[in-house]
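Observations on the model geometry
Residues per chain, in single letters:
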Amino acid sequence: MTRILLFGAGGQLGRETAALAGERGIDLVALGHADLDISDPVAVARALEAARPDALINAAAYTAVDKAESEPDLAARINAFAPGLIAERCARYRTPFIHVSTDYVFDGTKRGAYVEADPVAPLGVYGRTKAAGEAAVRAAHERHVIVRTSWVYGAHGNNFLKTMLRLAGERDQLRVVADQRGCPTATRDLAEAVLAAALAAAKGDARWGTYHFAGRGVTTWHGFASAIVAAAEPHTGRKPEVTPITTADYPTPASRPKNSELASDLFERTFGVRAAPWEQRAREVVDALLAKASLATPPQPEAQEPEKAPAPASAIPAPQSEEAS
């Protein structure tokens, strides 16, 4: 049986990938931060020796986009040095390497969707370290597949969708950036993609190189938030107003690309996996999360409470990386 080794098992993509592998009966060894320091050469070598995988997926990353501006060395160690190290160790064992990257390697000035051949031009520390990680992987190991993705969300971990659900239950107005656009990507689809690439690589059927994989369709953060609120309303009875704002209305330490749209055609042609429309997946995740929350909360007796003032409207904190970790 093909065996896959997964780094970053505690992140939202890692947890989804491990769950999907279990459903599919795929032999997957999942290691998280507590199990492995991916920047430790000895630890990485030991993990490869112990698992003897047919392919390795790296879903681990430093994804705190704003914090990276004040922690450039840490971001570089995890996003640039570690992927190169893992790729070099995989090359020694002739193990194919699947590495997850990001649309933040681009500056967002292109009018249409970014394709794999477009030149990188990252805006901040996070994007620069991810671009450096890609370059290190390419230099260290020919048998690699780099998968760039965007605006990742799902049932696990912290992400934009879950933040919107929480705030929609607390506030009567949400102010969300409307001049940045991208392709929201469900972890379920991304897990399908990285597993498909890993299985193809393990069988020697992969075409090595860099690919884009993102949810189908394009929207803004404001459009994404509006869809989340609409999907939640049947469960909660609440529909706060979602007000568009500009990037300038909510300045952040790190600049973010205005355009994060990725063209995923090459990945689909090569590996046969296509993401679902982002609206469909967003509804599915909202339904699953709120149904689970409803089951976990026992009915409460009715009680008379003083009328509460509506929560003040405030801008939504800028999303962190769209990446999977």
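Refer to the preceding data block for the structure.
Residues numbered from 1 in each chain as written. Predicted model: local features only at pLDDT ≥ 70, side-chain atom pairs only at ≥ 80, totals over all residues. Heavy atoms only, no water.

Attention shifts here to the packing of aromatic side chains. Taken as a whole and assessed by the stated rule, the structure comprises 12 aromatic pairs. Centroid distance Tyr211 to Phe271: 5.2 Å. Interplanar angle 70°. Geometry classified as edge-to-face. Here Tyr211 is found in strand S10 (residues 209-212), whereas its partner Phe271 is found in helix H9 (residues 265-271), with 60 residues between them in sequence. Ring pairs connect the aromatic residues Trp151, Tyr153, Phe160, Trp221, Phe224 and Trp278, which therefore count as one cluster. (Phe/Tyr/Trp six-rings, centres within 6.5 Å; stacked < 30°, edge-to-face > 60°. Helix = DSSP H or I, 4+ residues; strand = E, 2+ residues; numbered from the N terminus.)

As a further point, take the nonpolar core. Ranked by internal contacts, the top residues of the largest apolar core, which has 33 residues, are Ile57, Ile98, Val145, Phe213, Phe267 and Phe271. Those elements that place two or more of their residues in this core are strand S1 (3-7), helix H1 (12-24), strand S3 (55-58), strand S4 (97-102), strand S5 (144-149), helix H7 (187-202) and H9. Residue contributions to this core peak at 10 residues, all from H7. Not counting residues within four places of it along the chain, the set of residues in contact with Phe267 comprises Val147, Ala193, Ala197, Tyr211, His212, Phe213, Gly272 and Val273. Core analysis: the next-biggest nonpolar cluster, separate from the first, contains 29 residues, Leu5, Val44, Leu85 and Val125 among them. (Core = buried A, V, L, I, M, F, W, Y, C linked by side-chain atoms within 4.5 Å. Buried < 20%, exposed > 50% of the residue type's maximum accessible area, 1.4 Å probe, protein only. Contact = heavy atoms within 4.5 Å.)

In this section: the sheet that holds S1. One open sheet holds the six strands; their spatial order is S2-S1-S3-S4-S5-S10, and the pairing between them is parallel. Looking at the sheet topology across the chains shown, the edges are occupied by strand S2 (27-31) and S10. This sheet shows a mean twist of 20° between the axes of neighbouring strands, independent of strand direction. Docked against the sheet, helix H5 (residues 125-140) engages S4, S5 and S10, running at close to 160° with respect to S4. (Pairing = 2+ DSSP bridges. Axes fitted to C-alpha atoms, helices over the stretch in contact; angles between N-to-C directions.)

This part covers the sheet that holds strand S11 (residues 219-220). Overall, mixed pairing links the three strands, which are arranged S11-S8-S13 in an open sheet. The open sheet has two edge strands with one neighbour each: S11 and strand S13 (259-260). Where strand S8 (residues 181-182) and S13 come together, two bridges link them in parallel fashion. Bridge pairing in S13 links Arg181 to Asn259.

With burial as the criterion, each face of S3 is covered, one bearing Ala55 and Ile57 and the other bearing Leu56 and Asn58. As paired elements, S1 and S3 share four bridges and run parallel to each other. Bridge pairing in S3 places Ile4 opposite Ala55. Here three bridges tie S3 to S4, and the two strands are oriented parallel to one another. Each bridged residue has a counterpart across the sheet, and for Asn58 the counterpart in S4 is His99.

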